[in-house]
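Structural overview for review
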Protein chains: 2
Amino acid sequence: MTETLEAPGLAIDDATADRLFRTARTVTTFAGSDVTDEQLAAVYDLIKWGPTSMNVSPLRVLVVRTPEARERLVANMPEGNRERVANAPVSLVLAYDPEFHERLDVLVPHLPGAREMFAADDEARASAARTNALLQAGYLIVGLRAAGLSAGPMHGIYDGIDAEFFTESGWKGFLVVNVGSAEGAETSRPRAPRLEFDEVSQVV
Amino acid sequence: MTETLEAPGLAIDDATADRLFRTARTVTTFAGSDVTDEQLAAVYDLIKWGPTSMNVSPLRVLVVRTPEARERLVANMPEGNRERVANAPVSLVLAYDPEFHERLDVLVPHLPGAREMFAADDEARASAARTNALLQAGYLIVGLRAAGLSAGPMHGIYDGIDAEFFTESGWKGFLVVNVGSAEGAETSRPRAPRLEFDEVSQVV
């Protein structure tokens, strides 16, 4: 008998497929252990390599750690998500930088006019900022799990958070993610079903 | 001497960290091997478990495989990306279903009023569709790599693709992803730099 380590159809092992997707869950009750800035930097150093259009990389991250800052964040969450945030060890506000083009001299050396192109086209810039930051948010959620952490993302309209935290940076928040150790963490409900591939796809 | 298999700060091994993010690249020239629908289904069966708001799961996937369909896709790409699409073994059009709420009876059993809530609020529905489908697109790009495939995503305005392929389904395309085997695939340029964690983050 040959032992199969790889998940069927995949090139990664079963335990990793479980850790990243199959058994990972959105956590609502954390065991309370710390999440260090070094862990978060390791996650970023993994997922920063994920692809974005032209490498524009507009994702920005606010790490909300101190009790005082966490209170300010909770006060700006929709009521239904306040307790979740209050109970998390650390929360991240994922944001995009609408002025991401200011860094394209570093990020897009292969296309010298990229900065000026985005500077001149507000609509293209806004679309690229939000679209690519959301792709990067997907990478980041996988990356947190790859570091043994649990990620609890919450989508919402976060103008209040922008006003509270981002008046200087101009960043725009779009997702709040509670982060803690995946060990001992609990979820609030049984896992909900998913649609099958043939229900969400067409082949032409 | 102890052998360290895990990447620093991560709970996955170095080879997997490389495969998913660190050495994976956006491919422009594929070696030409096939990508089967079974492989794509395996990728979906992995990433379908990724979190979305309330589990709304609005991502839809058009697999463009036949020469005739591939020609129709190429004709609707911006000129600068036509050759890339023409040279790929398979391309996916990632889309969202603006009427995703019709499936929430299956997807959101934990919140019986979810379908009606989204039916009554066009703005919330449009925002949830696009935001969550983009998160899922991030998961899918990682999932393709986890299956030993290479993913070449291209962001754009795809009204032409919607008119060509989605008049019946009503889906809205937002990302075209060229897919092929990662083996022997080539990229068009050296890897561009990324920003450091302290350049994209604030800790409060």
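Below: a short report on this structure. Positions within a chain are numbered from 1, following the residues in the order the chain's sequence is written. Throughout, the order in which chains and ligands are written sets their labels, letters from A for the former and numbers from 1 for the latter. Under the rules for a predicted model, residues below a pLDDT of 70 receive no local features and side-chain atom pairs below 80 are neither given nor counted, while totals for whole chains, interfaces and linings still include all residues. Just so you know, side-chain values use all the structure's heavy atoms and leave hydrogens and water out.

1. Describing the relation of the copies chain A and chain B
Note the cut-off: Superposition of the copies was done by least squares, using only C-alpha atoms of residues whose pLDDT is at least 70 in both. Contacts: residue pairs with any heavy atoms within 4.5 Å of one another.
Turning chain A through 180° and shifting it by 0.0 Å along the axis lays it on chain B, with an RMSD of 0.0 Å. What the superposition gives is, in effect, a two-fold axis relating one chain to the other. When C-alpha distances to the rotation axis are compared across chain A, the minimum falls at Gly 138 of chain A, with a value of 2.2 Å. A high fraction, 99%, of the interface residues of chain A reappear at the interface in chain B, so the copies pair face to face through one surface.

2. Some remarks on helix H7 (residues 122-146) of chain B
Since the α-helix turns once every 3.6 residues, residues separated by three or four places project in the same direction. Residues and elements named next belong to chain B. Operational definition: Segments assigned H or I by DSSP are reported as helices when at least four residues long, segments assigned E as strands when at least two residues long, and all are numbered from the N terminus. One fewer than the residue count of a helix, multiplied by 1.5 Å, yields its expected span. Partly exposed describes any residue whose relative accessible area lies between the buried limit of under 20% and the exposed limit of over 50%, with all areas from a 1.4 Å probe on protein chains only and scaled to the type maximum.
Relative to the 36 Å expected for 25 residues at 1.5 Å per residue, H7 spans 35 Å between its end C-alpha atoms, a close match to the ideal helical length. Across the 25 residues that make up H7, a large majority, 19, are buried. The positive-phi residue at the C-terminal boundary of H7 is Gly 148, with phi of around 75°.

3. Observations concerning the interface of chain A and chain B
The condition that has to hold: Here the quantity called buried area is the accessible surface, traced with a 1.4 Å probe, that two parts lose on coming together, added over both. Any Lys or Arg side-chain nitrogen found within 4 Å of a carboxyl oxygen on Asp or Glu counts as a salt bridge. Three classes are used: nonpolar for Ala, Val, Leu, Ile, Met, Phe, Trp, Tyr, Cys and Pro, charged for Asp, Glu, Lys and Arg, and polar for all others, with Gly counted as polar.
Facing 78 residues of chain A, the contacting portion of chain B comprises 77 residues. Overall, the association of chain A and chain B removes approximately 7100 Å² of surface from exposure, summing both partners, and the carbon and sulfur fraction of that is 68%. Connecting chain A to chain B are two salt bridges. Within the residue set of the side of chain A that touches chain B, elements represented by two or more residues are helix H1 (14-22), helix H2 (37-47), strand E1 (59-64), helix H5 (104-107), helix H7 (122-146), strand E3 (149-155), helix H9 (197-200) and strand E5 (201-203) of chain A. For the side of chain A that touches chain B, the per-class residue count stands at 44 nonpolar, 18 polar and 16 charged.

4. Some remarks on the sheet that holds strand E3 (residues 149-155) of chain B
The criterion, for reference: Note on pairing: two strands pair once DSSP finds at least 2 bridges between them. Helix axes are fitted to C-alpha atoms over the stretch in contact, other axes to C-alpha atoms as well, and angles between N-to-C directions run from 0 to 180 degrees.
The five strands are arranged E5(A)-E1(B)-E2(B)-E4(B)-E3(B) in an open sheet whose pairing can be described as mixed. Unpaired on one side and paired on the other, E5 of chain A together with E3 of chain B mark the two borders of the sheet. Averaged over all neighbouring strand pairs, the angle between strand axes comes to 20°, with direction disregarded. Judged from the seven bridges that link them, E3 of chain B and strand E4 (residues 172-181) of chain B form a sheet pairing that is antiparallel. Along E4 of chain B, the bridge assignment pairs Pro 153 of chain B with Val 177 of chain B.

5. Let's talk about helix H3 (residues 67-75) of chain B
Residues and elements named next belong to chain B. Basically, it comes down to this: Working note: the arc is built from the helix axis to C-beta atom directions.
Those residues of H3 not exposed but buried are Ala 69, Arg 70, Leu 73 and Val 74. Buried positions in H3, seen along its axis, are confined to an arc of 140° and lie on one side of it. Opposite its buried face, H3 presents the exposed residues Glu 71 and Ala 75, each directed more than 90 degrees away. Structurally, H3 contributes buried residues whose contacts are with strand E1 (59-64), helix H4 (82-87), strand E2 (90-96), helix H8 (159-165) and E4.

6. Brief notes about the environment of Ala 15 of chain B
Take Ala 15 of chain B: it is sitting in helix H1 (residues 14-22). Put simply, Ala 15 of chain B and Thr 28 of chain B are 13 residues apart on the chain and 23 Å apart in space, counted from C-alpha to C-alpha.

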